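The lines below spell out each chain.
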Amino acid sequence: MAVIQMTDEEKALLDLAYTDGERIAEGKLFDYQQKALNELRACSFYLKNRYPKEELQIISFQPSTKKGCVELQFIQPGLDSTEYLLRYENGVYVDNFYDVPFEREYDGLVEEILKEGGIQARVYTTFPFLISDVIKSGKDLMDRRPHLGRTMQLFIHADALPSYEEADILSEKVQNLLEEKGVYGSGMIFFILGMDGLEKENILELDAYARDRKNVRNVVSVGFRCFHVKQ
């Protein structure tokens, strides 16, 4: 059995996949584990080349011998704890990180659509689905993949919280505005008292504020869904 040179990260990820730490730490791998190491290195190389400006850390690895495809989870260390997925199957890489480098640009485009319709909002969008497309900008994401599912959160400042009937009326207006511009997906609108102070902070803080409901009297929410794209 040959001894293979590996980084500490590679050893740790293989140990997670096979729970064979002592032998793996010594670089002694079975043939199927050598194959897994090659898959891990190929995926790592792919991530570095697809997202050269991003610092990414692989936190778990599933070789093809386990479930027929290669999967790994990765994060942006120090930024947030969101876990992203990369899958390699039948010669194709897909992932759900493609929107992250352009999320503020993309959300700004959605905010402009709403602003043109008389709605002032902060927008936070996530794209959960795995794709292989190389996305180069927020506009590229909006124009090239209009039917790609996405989840939107809209944060609107309110001097007084609306009734549920008023919230429903605005929800329908938001849906119509987005459908007219070909924005596909579903989302929640959060009407927040005192949002002016939060607007200056990172959009994720608004997300946490609404999600955690630290003071339910300060938030009213309503859902919407854009079912189709109008021509």
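As a starting point, this report considers the structure included with it. (Residues numbered from 1 in each chain as written. Predicted model: local features only at pLDDT ≥ 70, side-chain atom pairs only at ≥ 80, totals over all residues. Heavy atoms only, no water.)

### Considering helix 1 (residues 8–18)
Consideration 1: Glu-10, Leu-13, Leu-14, Ala-17 and Tyr-18 are the residues of helix 1 that are buried. Buried positions in helix 1, seen along its axis, are confined to an arc of 120 degrees and lie on one side of it. Exposed side chains of helix 1 directed beyond 90 degrees from the buried face belong to Asp-8 and Leu-16.
Consideration 2: Residues of helix 1 that are buried sit in contact with helix 2 (21–25), helix 3 (31–50), strand 1 (57–62) and helix 4 (64–67).
Consideration 3: A positive backbone phi angle near 45 degrees is found at Thr-19, which sits one or two residues after helix 1. (Buried < 20%, exposed > 50% of the residue type's maximum accessible area, 1.4 Å probe, protein only. Helix = DSSP H or I, 4+ residues; strand = E, 2+ residues; numbered from the N terminus. Arc of directions from axis to C-beta. Contact = heavy atoms within 4.5 Å.)

### Some details on the side chain of Asp-95
Consideration 1: Mapped onto the secondary structure, Asp-95 falls in strand 4 (residues 92–95).
Consideration 2: A polar atom in the side chain of Asp-95 sits 2.8 Å from the side chain of Arg-50.
Consideration 3: Apart from residues no more than four positions distant in its own chain, Asp-95 is found in contact with Tyr-46, Arg-50, Tyr-51, Leu-85, Leu-86, Phe-129, Leu-130 and Ile-131. (Polar contact = N/O pair within 3.5 Å; in protein donor to acceptor, adjacent residues only side chain to side chain.)

### Brief notes about the pairing of strand 5 (residues 122–126)
The two faces of the sheet receive side chains in turn, since in a regular strand these alternate between them.
Consideration 1: Counted residue by residue, strand 5 has four buried out of five residues, so it is predominantly covered.
Consideration 2: Note that strand 5 and strand 6 (residues 151–157) share five bridges and pair antiparallel. The residue bridging Arg-122 from the neighbouring strand is Phe-155, located in strand 6. (Pairing = 2+ DSSP bridges.)

### Details of the sheet that holds strand 3 (residues 84–89)
Consideration 1: Reading across the sheet, the four strands line up as 1-2-3-4 and stay open at both edges, with antiparallel pairing between neighbours. Whereas interior strands pair on both sides, the edge strands pair on one side only; in this sheet they are strand 1 and strand 4. Between one strand and the next, the sheet's axes are offset by a mean angle of 20 degrees, whatever the strand orientation.
Consideration 2: Bridging between strand 3 and strand 4 involves four bridges; their strand directions are antiparallel. What sits directly across from Leu-86, in strand 4, is Asp-95. (Axes fitted to C-alpha atoms, helices over the stretch in contact; angles between N-to-C directions.)

### Description of a negative patch on the surface
Consideration 1: Residues Glu-165, Glu-166, Asp-168 and Glu-172 make up a contiguous surface patch of negative charge.
Consideration 2: Assessed through its relative accessible area of 49%, Glu-166 is described here as partly exposed. (Patch = residues over 30% accessible without salt bridge, like charges linked within 9 Å, V, L, I, M, F, W, Y side chains within 5 Å. Areas by Shrake-Rupley, 256 points an atom, 1.4 Å probe, with all protein chains shown as cover. Salt bridge = Lys/Arg side-chain N within 4 Å of Asp/Glu carboxyl O. Lys, Arg positive; Asp, Glu negative; His and termini not counted. Charge placed at Lys NZ, Arg CZ, Asp CG, Glu CD.)

### With respect to the pairing of strand 3
Consideration 1: Bridge count for strand 2 (residues 70–75) against strand 3 is five bridges, and the pairing is antiparallel. Each bridged residue has a counterpart across the sheet, and for Glu-71 the counterpart in strand 3 is Arg-87.
Consideration 2: Counted along the chain from strand 3 to the antiparallel partner strand 4, the turn is two residues long, and its residue Asn-90 has a positive phi close to 55 degrees.

### Points about the packing of helix 5 (residues 103–116) against helix 7 (residues 164–180)
Consideration 1: At their nearest, the axes of helix 5 and helix 7 sit 10 Å apart, and the two run at 115 degrees to each other. Where helix 5 crosses over helix 7, the handedness of that crossing is right-handed. In contact with Val-110, Ile-113 and Leu-114 of helix 5, helix 7 contributes Val-174, Leu-177 and Leu-178.
Consideration 2: Residue composition of the contact of helix 5 with helix 7, grouped by class: six nonpolar, no polar and no charged. (Left-handed = near helix turned anticlockwise from the far one by under 90°. Nonpolar A, V, L, I, M, F, W, Y, C, P; charged D, E, K, R; others polar.)

### What about the packing of aromatic side chains?
Consideration 1: With the rule as written, the count across this model stands at eleven aromatic pairs.
Consideration 2: With a centroid separation of 4.9 Å and an interplanar angle of 85 degrees, the aromatic rings of Tyr-84 and Phe-97 are classed as edge-to-face. On the criterion of sequence distance, the pair formed by Tyr-84 in strand 3 and Phe-97 in the loop between strand 4 and helix 5 is long-range, its members being 13 residues apart.
Consideration 3: Given the relative accessible area of 9%, Tyr-84 is considered buried.
Consideration 4: Linked through ring pairs, Tyr-51, Phe-74, Tyr-84 and Phe-97 together constitute an aromatic cluster. (Phe/Tyr/Trp six-rings, centres within 6.5 Å; stacked < 30°, edge-to-face > 60°.)

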